[in-house]
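Spelled out, the chains give:
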Amino acid sequence: MFSDNENPGTEISAGQTATAATPAPETITSTVQTEEKIPAAVEAQDATIAPPAAGEPAAVTVSPAEPVAAPDGAAAVEHSDVSAVAESGEASTESSAEMEQLMEQYAAPHQAPSEGEIESGQVVAVIELGVVVDLGGKTEGLIPAQEFAELDGPFPLQAGQPVEVQRTGDRKDGYVLLSYQRVRRRRVWGKIEEAYRHKTDITGKVVDHIKGGLVVDIGVRAFLPASQADTHPVRDLVEWKDRELTVRVLKMNRKRGNVVVSRRAILDEQVQAQKQAMLDSMAEGQTVKGVVKNVTGYGAFVDLGGIDGLLHITDMSWGRVASPLDAVRPGEEVEVKILKYDREKGRISLGRKQLLPDPWASVAERYAIGTKLAGKIMGLTDYGAFVELEPGIEGLVHVSEMSWSKRKQHPSKIVKVGDDVEVTVLGVDSNERRISLGMKQAQSDPWQQLAEKYPVGTVVSGKIRNLTEFGAFLEIEEGFDGLIHVSDISWTGRVKNPADVYKKGDAVEAKVLKIDPASRRVSLGVKQVNDIWSSWFEKHKVGDLIRGRVSRVTTFGAFVEIADGIEGLCHISEIDERRPKGDKQQVVAPRSGARQSGLLDPGRDYEFKIVKISADQHKIGLSYRAAQKQAERRDMEDYRSTKSSATATIGDAIMAKRSL
């Protein structure tokens, strides 16, 4: 066997000759000469055969296969001279012709092929030692069996088959040793050089995969880099084994036996040719067919035959397409329309829905204002929800048209994608492809039902949803809030900020004070739930003595808390004892709890007398001075009752009467 880079030479060393032993034909009668005539014959023969020219192979010397015994006697005389026999006419004409032909053959110079030359032969037989080849000129050669040891597939040579070989210059078992592989490799390398010079294609088979590429058998083992295997990156090289490929020689080094080939170069030329043909025939508005190459989040790239166009997701269907994979698949053949073609940048915009009827053409006739329809929620935004009425037709329900409630809510709190809803058409704009829809208009007005469900005076319960400076919003039902004004939180009227009383989420009971469906307002009151005034008025009357705590003091008097949530006013004129001008007599010190200054201390409890009641205005007038006098009289009576005992004297009784 020989290596791929072996390039056997064609030169022959000086003095080297090739000798072929050829047996004499059996049909020819050998010319017998006497011992005396042999030298002369040899000299004559040597004179006939010219010596080989310089640089040419030596002439072939032909000798009989077996020595012929020299005849004696009459036989020797009979065959001593061929010319004499011819002249005598005793020999036949046919024998003379054969003799002359033999003489000419032996006289002609025979040049043996050199080692580097390629010879043509014919396979005689396939034996254990190798392949026997007939080279002509009664010369047989042998191709050693070792040259076929590494061949795959069936044996390449059969008996009777022509074959090209090259002599090695050695002999074995009487055969001239030949090389079949050298000739084969010379032919292969010549073919590779021809393909490399003229940039022609060559066919090979993938026999192995190695790091970074493939090994392709093109007669010799060539390297195909992975980057040159296809127009796109190749991930799994194992799958390429045993594939027949057409490649192009990129680099070669015959001396080192290195060849680098490329399949991508051929594909690029094909793509470029297809691309140019497509570009020349392309125009906007044209309908073409292509194959989906790959799909992205915003669309799909379609191979139109060497050039890619973008099919955007918005141009795939008149309806909403959530993902391009819902409309097309890689490898799918699609029919598209060229929407825009930029020759300078080579960009092509494609459309698929443009080949289908436009559903918006008859929207105005089919969706009249006020029509109630059924649809499906397809998308949500901060400002509303998109409802699909039919494939390709969507309308917007603004967040303000989703619920009758005035409380702002995100659309996701009301509906979710996929919900079936009923809507009412509020407006249609075919030019802008917009339809305004309303969800609440498809339902009865709940405020009318609310007024019937909760008449004035009804006590409701709910949770505080929001707090403001002027009141608190109480949720009556889902989506319906009522306002508790700050003045309706407590009977005392001392609440300045509702946040001081409530926090979000507190459960509160309130009474419905007013419902206005037109303005969609509900007024509520907490203090009206427990009317402590009416029950207090039932239990108290003018002249009663009560005990209360001074909550605050003003310039005109003091406010006294006489019950939880109920206050009365003790005017300043009802606090101190009034005396005539110029009366400097010292007044008896008041009972414990009274201040010398005539004012009451905030936070302290005192006894007061009810001097005035106004039930309709929830006002109560108190008097500290009258309560003090009444308490003094009560003490005096108690004192009298104790002095009227058996031990009391007439003087005690007189003194008690004077004190009155």
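The rules we used
- All residue numbers here refer to positions counted from 1 along the written sequence of the relevant chain.
- With pLDDT at 70 or above as the cut-off, local features in this predicted model cover only qualifying residues; side-chain atom pairs require 80 or more to be listed or tallied, and sums for whole chains, interfaces and linings still use all residues.
- The side-chain quantities take in all heavy atoms of the structure and omit both hydrogens and water.
- Helix and strand definitions here come from DSSP, where helices need a minimum of 4 consecutive H or I residues and strands a minimum of 2 consecutive E residues; each element is numbered from the N-terminal end.
- Only protein chains enter the accessibility calculation, which uses a 1.4 Å probe; a residue whose area is less than 20% of its type maximum is buried, one above 50% is exposed, and one in between is partly exposed.
- Should any heavy atoms of two residues lie within 4.5 Å, those residues are counted as being in contact.
- All accessibility values rest on the Shrake-Rupley procedure with a 1.4 Å probe; residue burial counts only the protein chains present in the view.
- Aromatic rings from Phe, Tyr and Trp, taking only the six-membered ring of Trp, are treated as a pair when their centres fall within 6.5 Å; an angle between ring planes under 30 degrees marks them as stacked, one over 60 as edge-to-face, and anything in between as tilted.
- Here, over-ring charges are defined by two tests on the NZ atom of lysine or the CZ atom of arginine: distance to the ring centre within 6 Å, and angle to the ring normal within 35 degrees.
- Strand pairing is assigned whenever DSSP identifies at least 2 bridges connecting the two strands.
- To obtain an axis, a line is fitted to C-alpha atoms, over the contacting stretch when the element is a helix, and the angle between two such axes runs from 0 to 180 degrees between their N-to-C directions.
- Nitrogen and oxygen atoms within 3.5 Å of one another constitute a polar contact, given that in protein one can donate a hydrogen and the other can accept it, and given that sequence-neighbouring residues count only through two side-chain atoms.
- The directions from the helix axis to the C-beta atoms are what the arc is built from.
- By definition, pLDDT measures how confident the predictor is in each residue, and it falls between 0 and 100.

Colleague: Can you break down the overall build of the protein residue by residue, with the values?
Modeller: When helices and strands are counted, the protein shows 11 helices and 30 strands. Residue burial in the protein is summarised as follows: out of 660 residues, 32% are buried. Taking all contacts inside the protein whose residues are at least 6 apart in sequence as the whole, residues at least 24 apart take part in 60%. Surface exposure of the protein reaches about 40500 Å², of which carbon and sulfur atoms provide 50%.

Colleague: Which residues make up unusual backbone geometry, and what values do they have?
Modeller: A positive phi angle, near 55°, is found at Lys199, a position not held by glycine. Locating Lys199 in the fold gives a position in the loop between α5 (180-198) and β6 (201-210). Phi is positive for Arg433, close to 55°, though the residue is something other than glycine. By the element assignment, Arg433 lies in the loop between β19 (420-429) and β20 (434-438).

Colleague: Run through the packing of aromatic side chains, naming residues and quoting values.
Modeller: Taken as a whole and assessed by the stated rule, the structure comprises 9 aromatic pairs. Seen in terms of ring centroids, Tyr606 and Tyr624 are 5.8 Å apart; in terms of plane orientation they differ by 85°. Their pairing is edge-to-face. Of this pair, Tyr606 sits in strand β29 (residues 605-614) while Tyr624 sits in helix α10 (residues 624-643); the two residues are 18 residues apart in sequence, bridging distant segments of the chain. Relative accessible area serves as the criterion here: at 4%, Tyr624 is assigned to the buried category. Of note, Arg243 hangs over the ring of Trp240, and the distance from its end group to the ring centre comes to 4.1 Å. Lying over the aromatic face of Phe559, Arg552 brings its terminal NZ or CZ to 4.1 Å of the ring centre.

Colleague: Give a description of the sheet that holds strand β23 (residues 480-485) that names residues and reports values.
Modeller: By definition, the strands of a sheet pair up through backbone hydrogen bonds, in either a parallel or an antiparallel sense. If you trace the 5 strands once around the closed barrel, you get β21-β22-β23-β25-β24, paired in mixed fashion. Between one strand axis and the next, the sheet turns through 55° on average, direction left out of account. Two strands pair when backbone bridges link them, and strand β21 (residues 459-467) and strand β22 (residues 471-477) are joined in this way by 4 bridges, in the antiparallel orientation. From the neighbouring strand, Leu467 faces β22, where its bridge partner is Ala472. Seen against the sheet, helix α8 (residues 446-453) touches β22, β23, β24 (507-516) and β25 (521-525) and runs at an angle of roughly 55° to β23.

Colleague: How would you summarise the pairing of strand β11 (residues 287-295) if you had to cite specific residues and measurements?
Modeller: Looking along a regular strand, one sees side chains alternate from face to face of the sheet. Summarising the sheet, β11 and strand β14 (residues 333-342) pair through 5 bridges and their orientation is antiparallel. If you follow Lys289 over to β14, its bridge partner there is Glu335. Taken together, the 4 bridges between β11 and strand β12 (residues 299-303) define a ladder with antiparallel strand orientation. Residue Val291 lies in a different strand from β12, and its bridge partner there is Asp303. What sits between β11 and β12 in their antiparallel hairpin is a turn of 3 residues.

Colleague: Tell me about the side chain of Glu119, and name the residues and values.
Modeller: On the secondary structure map, Glu119 appears in strand β1 (residues 118-126). In terms of polar contacts, Glu119 uses its side chain to reach the side chain of Arg167, at 2.4 Å.

Colleague: Before we move on, can you summarise α8 with the specific residues and values?
Modeller: All of the buried residues along α8 are Pro446, Trp447 and Leu450. Projected down its long axis, α8 shows its buried positions confined to an angular sector of 100°, all on one face. Close packing links the buried residues of α8 with β22, β23, β24 and β25.

Colleague: Please provide a residue-by-residue account of the pairing of strand β13 (residues 308-312), values included.
Modeller: Burial of the side chains of β13 is restricted to one face: Gly309 and Leu311 are buried, whereas none of Asp308, Leu310 and His312 on the reverse face is. Pairing of β12 with β13, which is carried by 5 bridges, proceeds in the antiparallel orientation. Residue pairing for β13: Val302 is matched across the bridge by Gly309. Taken together, β12 and the strand that follows it, β13, pair antiparallel across an intervening segment of 4 residues, in which Gly305 is found at a positive phi of about 110°.

Colleague: I'd like to hear about the sheet that holds strand β26 (residues 545-554), residue by residue, with values.
Modeller: Strand order around the closed barrel formed by 5 strands is β26-β27-β28-β30-β29, with mixed pairing between neighbours. The mean angle between the axes of side-by-side strands here comes to 50°, regardless of whether they run parallel or antiparallel. Sheet topology places strand β27 (residues 557-563) next to strand β28 (residues 566-571); 6 bridges connect them, and they run antiparallel. Of the residues in β28, the one forming a bridge with Gly557 is His571.

Colleague: Please provide a residue-by-residue account of the environment of Ala472, values included.
Modeller: Among the secondary structure elements, Ala472 is positioned in strand β22. You can call Ala472 buried: its relative accessible area is 0%. Here the alpha-carbon distance between Ala472 and Lys504, two residues 32 residues apart in the chain, equals 9.1 Å.

Colleague: Could you give an account of the confidence of the model for the protein, naming the residues involved and the relevant values?
Modeller: The predicted model of the protein has a mean per-residue pLDDT of 76, with 75% of residues at 70 or higher. Residue range residues 105-110 is modelled with pLDDT below 50. Its contacts to residues more than four positions away, or to other chains, number 11 contacts. Contacts of residues 584-597 to residues separated by more than four positions or lying in other chains number 13 contacts, the stretch itself having pLDDT below 50.

Colleague: How would you summarise helix α9 (residues 532-539) if you had to cite specific residues and measurements?
Modeller: Taken as a whole, α9 has its buried residues at Trp533, Trp536 and Phe537. Viewed end-on, α9 has its buried residues packed into an arc of 100°, placing them on one side of the element. Residues of α9 that are exposed and point more than 90 degrees away from the buried face comprise Glu538 and Lys539. Of the surrounding elements, those touching the buried residues of α9 are β26, β27, β28, β29 and β30 (619-623).

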